[in-house]
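One letter stands for each residue in the lines below.
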Amino acid sequence: MQQFFQLEAAYLVIGAVVLLITLFVSTRPFMSPTAPRNGLLGALLVIVLMIGGHYYMTTSRMADVRAAFAQDKQLLCESRMLRKVAQSVVVQRSKGWEIRGDQFVSPLYVRPFHIARCIVAKAISLR
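Report follows, based on the coordinates. These numbers come from a predicted model, not from an experiment.

Cut-offs and rules
- Residues numbered from 1 in each chain as written.
- Predicted model: local features only at pLDDT ≥ 70, side-chain atom pairs only at ≥ 80, totals over all residues.
- Heavy atoms only, no water.
- Phe/Tyr/Trp six-rings, centres within 6.5 Å; stacked < 30°, edge-to-face > 60°.
- Lys NZ or Arg CZ within 6 Å of the ring centre and 35° of its normal.
- Pairing = 2+ DSSP bridges.
- Helix = DSSP H or I, 4+ residues; strand = E, 2+ residues; numbered from the N terminus.
- Axes fitted to C-alpha atoms, helices over the stretch in contact; angles between N-to-C directions.
- Contact = heavy atoms within 4.5 Å.
- Buried < 20%, exposed > 50% of the residue type's maximum accessible area, 1.4 Å probe, protein only.
- Lys, Arg positive; Asp, Glu negative; His and termini not counted.
- Salt bridge = Lys/Arg side-chain N within 4 Å of Asp/Glu carboxyl O.

1. Here's the deal with the packing of aromatic side chains
Argument step 1. Per the stated rule, a full pass over the model turns up six aromatic pairs.
Argument step 2. With a centroid separation of 5.6 Å and an interplanar angle of 70°, the aromatic rings of Phe4 and Phe5 are classed as edge-to-face.
Argument step 3. When the centroid spacing of 5.6 Å and the interplanar angle of 80° are considered together, the rings of Tyr109 and Phe113 count as edge-to-face.
Argument step 4. Feature note: the residues Phe4, Phe5 and Tyr55 constitute an aromatic cluster, connected by ring pairs.
Argument step 5. Across the ring face of Phe24, the terminal group of Arg28 is positioned such that the distance to the ring centre comes to 4.1 Å.

Okay, here's the thing in structure tokens:
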């Protein structure tokens with residue numbers, strides 16, 4: 001459950017704001033008496049489906065990244081340290097990287113990289 005809140009906290013806040021806006025709009029005098037209930041239920045359903053889908057996709061990608069790291073494949077991780085120069089960092093077990101919890105760490109980098117912000121690098125064929 002902690003992982004869910006860690007990964008989806010921003011989307012939960014956005015969802016709460018959307019629900020508040022829906023409540024505000026649906027309680028205006030020109031709206032029908034059933035608008036608040038219908039509006040909130042509809043918005044809540046969409047928010048739950050979208051956040052649940054995002055969480056499922058993120059945890060599935062995390063499992064793929066863990067498996068690829070165990071097989072010493074190259075991973076691309078988002079770098080938040082150097083936004084202008086290097087937007088991603090190549091992570092590979094054979095290059096001194098290790099995994100601690102949900103983070104990749106290396107003695108060459110000050111900050112760790114969260115596993116949810118990484119993807120498995122694919123070979124590109126130019127045919």
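2. Side note on the sheet that holds strand β6 (residues 118-120)
Argument step 1. Reading across the sheet, the three strands line up as β2-β1-β6 and stay open at both edges, with antiparallel pairing between neighbours. Looking along the sheet, the strands with just one partner apiece sit at the ends: β2 (88-91) and β6. Within the sheet, the average angular offset between the axes of one strand and its neighbour, ignoring direction, is 25°.
Argument step 2. As defined by bridge partners, strand β1 (residues 75-78) adjoins β6 across three bridges and the pair is classed as antiparallel. Within β6, the residue paired with Cys77 across the bridge is Cys118.
Argument step 3. On top of the sheet, helix α2 (residues 35-70) reaches β1, β2 and β6; it is set at about 60° to β6, its chief contact.

3. Here we look at the side chain of Glu8
Argument step 1. Along the polypeptide, Glu8 turns up in helix α1 (residues 2-26).
Argument step 2. One buried charge, Glu8, has no salt-bridge partner; the nearest side chain with opposite charge is Arg117, at 7.2 Å.
Argument step 3. Excluding its chain neighbours within four sequence positions, the residues that come into contact with Glu8 are Ile51, His54, Tyr55 and Thr58.

4. Structural notes on the sheet that holds strand β3 (residues 98-100)
Argument step 1. Spatial strand order, β3-β4-β5: three strands in an open sheet with antiparallel pairing. At either margin of the open sheet sits one strand with a lone partner, and together these are β3 and β5 (113-114).
Argument step 2. The pairing of β3 with strand β4 (residues 103-105) spans three bridges and is antiparallel. Looking across to β4, one finds that Ile99 is bridged to Phe104.
Argument step 3. Sheet strands in contact with α2 are β3, β4 and β5, and its direction is about 140° off that of β3.

Keep in mind these numbers describe shape, not what the thing actually does.
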